[in-house]
Structure formats: structure tokens, C-alpha cells
Amino acid sequence: MSRPILESINLTRTVSIDNKPRTIVDNFSFQFQQGGSYLIIGPSGAGKSSLLRLFNRLDEPTTGTIRFHDKDQCNYSPCKLRRSIGYLFQTPYLFEGSIIDNIRYADSELSDDDITRLTDMVHLRSNLIHSGSSRLSGGELQRVAMARLLAMSPEVILLDEPTSSLDPTHTETIEELIGEIRRKHSVTVIVVSHDPAQALRIGGDALLMVEGRLIETGPVEQIVNNPQTEFGQLYRDRKLS
């Protein structure tokens, strides 16, 4: 069996809330394989987004280890790591300037042909590439942010509820794009989603988190529709909020 591309080992993060310690990621261990599709699901406050931030070193763990290509994540500089493990935020943030300027922010050496290839990859209309971000819809903004991320040729893409602020049409477009990128480029995709139906549409393996802990893993169809744990059944029946 091949080595995992990304692995967390007994990962824990504890923060202070109202001067009281609170563990938001609790002893989380899992191996993510190259080219896999993973959905991190669970109720609000389960620690899903907090876990994703640890993988990108936006936050640091209190205890435990994250390994990338079988090497401790701390052996990589944050800048180098974030080029290999890309992060797409829930609300896309674009810089001032055109779409071309935003994509070249990831790599100033990109040619016009490179820009066209990236915008074609995310199905962005070519007549928009000289436009500023204020002219773009929410779905277009998210696709520009995705193109900028892909410009760094990441091996792992972390997506934090990438469609939560989009209408159904744009949501469908982004979901299809996620699948297309993974299939064509062998990128490992890890998606945080609050929506079990979305997890089913994207497909792959699901990781159910509750109160910072990894409760159950398996094919997304099983975890969403036929969970084997009590917490999984409560989540399926919408008795966990």
C-alpha cells in the first residue's frame, strides 16, 4: 500500500474561550491518500474548519503531528507548504486589479497562455479576464480563487464550505469543478461541508466529526445514509445540530 500524502497523528488543538480551555480538535488521526476525495462532515461546531486550518498551518496543533509526504509538516516553511497544500476559503478574497492580476499573484511568471489554460480549467469566460472583481458574481469569484490556487500546482486542495454562499446553479458548477479537477489532475481534495446531500454529490470518503473527534469514516454513501455509530445515526436523523 502506498504511503499517504497527508497524515494526522493524535492531532489536538486546545484554545481559550472565555478564559476556559476548550478542545476543538481532539486526538484526530487519519491518512489521506494521493488523488482521493474526502468530505469532512458533522454538526456545527464539530471542529471541521479548525482541522482544515491545521493542515495548512494557518493554526498550529497543541499536540500531535501532521505529516506531508511522510515528513513532519514542521520541516516545511509555511510558504512552501501552502503552495503544496492549497486552501480555498469559504468566502473568496480577490486582490485589487483584474482577474489576470489575481492569478499572476500566485506565479508572476505565468504567460498569457498559462492564464488562458487556468481560466479554461475552471470554466471562466475569457471575456472576463481583464475585469475587476467587483464585476463578478459569487460563483465567478470562487472560480477565480480556484484558478489562482491551481496556478501553484498544489498536490492537496483544502476547501472550506466552498459553496455555502452560492445559489444552487453556482453550487452545482463548483461541485462539478471539484470532481473534474480531482479526476484530471490526481489532486487530493479535502472538502468541509455542512450539507450531507452535497457530500453525496461530490462522492468519495466521508469523515464524520463530532465535538472535535473523528467518529466514523467510510464511503460517503454509508456514512450519510447508513452510519454504524450512535453519533452517526443521530447526525443522519438531524438530531445533532
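Residues numbered from 1 in each chain as written. Predicted model: local features only at pLDDT ≥ 70, side-chain atom pairs only at ≥ 80, totals over all residues. Heavy atoms only, no water.

### Let's talk about the pattern of salt bridges
- Counting across every chain of the model gives 10 salt bridges.
- In this structure, Asp-70 and Arg-67 form a salt bridge, with 3.5 Å as the shortest nitrogen-oxygen distance.
- By relative accessible area, Asp-70 is classed as partly exposed at 35%.
- On the basis of relative accessibility, which here comes to 23%, the residue Arg-67 falls in the partly exposed class.
- Salt-bridge contacts for Arg-104 lead to Asp-112; the nearest nitrogen and oxygen are separated by 2.8 Å.
- For Asp-112, a relative accessible area of 52% corresponds to the exposed category.
- Several salt bridges share partner residues, and in doing so they unite Arg-13, Arg-53 and Asp-59 into one network. (Salt bridge = Lys/Arg side-chain N within 4 Å of Asp/Glu carboxyl O. Buried < 20%, exposed > 50% of the residue type's maximum accessible area, 1.4 Å probe, protein only.)

### Notes on the sheet that holds strand 8 (residues 188-192)
- Strand order in the open sheet formed by six strands is 6-7-8-3-9-10, and the pairing between neighbours is mixed. Either end of the sheet is taken by a strand with one partner, and the two such strands are strand 6 (85-88) and strand 10 (213-219). Averaged over all pairs of adjacent strands, the angle between their axes in this sheet comes to 20 degrees, without regard to strand direction.
- Two strands pair when backbone bridges link them, and strand 7 (residues 156-160) and strand 8 are joined in this way by five bridges, in the parallel orientation. Across the sheet, the residue bridging to Ile-157 is Val-189, located in strand 8. (Pairing = 2+ DSSP bridges. Helix = DSSP H or I, 4+ residues; strand = E, 2+ residues; numbered from the N terminus. Axes fitted to C-alpha atoms, helices over the stretch in contact; angles between N-to-C directions.)

### What about the sheet that holds strand 5 (residues 71-72)?
- The four strands lie next to each other as 2-1-4-5, forming an open sheet whose pairing is antiparallel. A strand with exactly one partner marks an edge of an open sheet, and here the two such strands are strand 2 (20-32) and strand 5.
- Pairing between strand 1 (residues 6-17) and strand 4 (residues 63-68): five bridges, direction antiparallel. In the sheet register, Ile-9 faces strand 4, and the bridge partner there is Thr-65.

### Thoughts on the pairing of strand 1
- Relative to strand 2, strand 1 is paired through nine bridges, and the arrangement is antiparallel. Along strand 2, the bridge assignment pairs Thr-14 with Thr-23.
- Taking the residues between adjacent antiparallel strands as the criterion, strand 1 and strand 2 are bridged by two residues, where Asp-18 takes a positive phi near 55 degrees.

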